[in-house]
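Chain by chain, the residues run as shown.
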Amino acid sequence: KNTGKTAEALGNLLAQRTPVYEHVADYIVDTDGKSVDEVAEEIVRLFGKGVNALVTGGTRGIGLACCRLFSAKGYRVTALWSRDEAAARAAQAEL
C-alpha cells in the first residue's frame, strides 16, 4: 500500500537531481503524454547525427527502448542504472 511516502521520496529525489540534469543537458524533452517512440524520435531529431546519448534508467523499460533506438541510429549510448546490475550487464552486452 502506498502511503504517500513513495511519492514524497521521488519528489525529493527529483528536486535533488534536477539542477544536475539541467546543468549537463543540451536539450530537455517533455515526455508527458508521449509514447516511447515519440520521445525517442524527438530526441533523435533534436540531436541530429554523430552525438552521444545519456539515458537515465537506460537498462530497463522505456530507457532501454530509447537506448536501443539510439544505438540502431548510430549514437554512442551511455545508459545509467542504480539498482539492477544484472539488467545493466544484459543491456551492456546487447548495446
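The rules behind the values
Residues numbered from 1 in each chain as written. Predicted model: local features only at pLDDT ≥ 70, side-chain atom pairs only at ≥ 80, totals over all residues. Heavy atoms only, no water. Pairing = 2+ DSSP bridges. Helix = DSSP H or I, 4+ residues; strand = E, 2+ residues; numbered from the N terminus. Right-handed = clockwise from strand over helix to strand, strands pointing away. Phe/Tyr/Trp six-rings, centres within 6.5 Å; stacked < 30°, edge-to-face > 60°. Buried < 20%, exposed > 50% of the residue type's maximum accessible area, 1.4 Å probe, protein only.

Undergrad: Help me understand the pairing of strand 2 (residues 76-80) in this model?
TA: On a regular strand, each side chain points to the face opposite its neighbour's, so the side chains alternate between the two faces of the sheet. Across five bridges, the pairing between strand 1 (residues 52-56) and strand 2 is parallel. Its bridge partner lying in strand 2, Thr 56 is registered against Leu 80. Between strand 1 and its parallel partner strand 2, the chain crosses via helix 3 (residues 61-72), and the hand of that crossover is right-handed.

Undergrad: Would you explain the packing of aromatic side chains in this entry?
TA: Scanning all chains against the criterion turns up one aromatic pair. Pairing Phe 70 with Tyr 75 gives two aromatic rings, centres 5.5 Å apart and planes at 40 degrees, and the pair type is tilted. For the pair shown, Phe 70 and Tyr 75 are each scored as buried.

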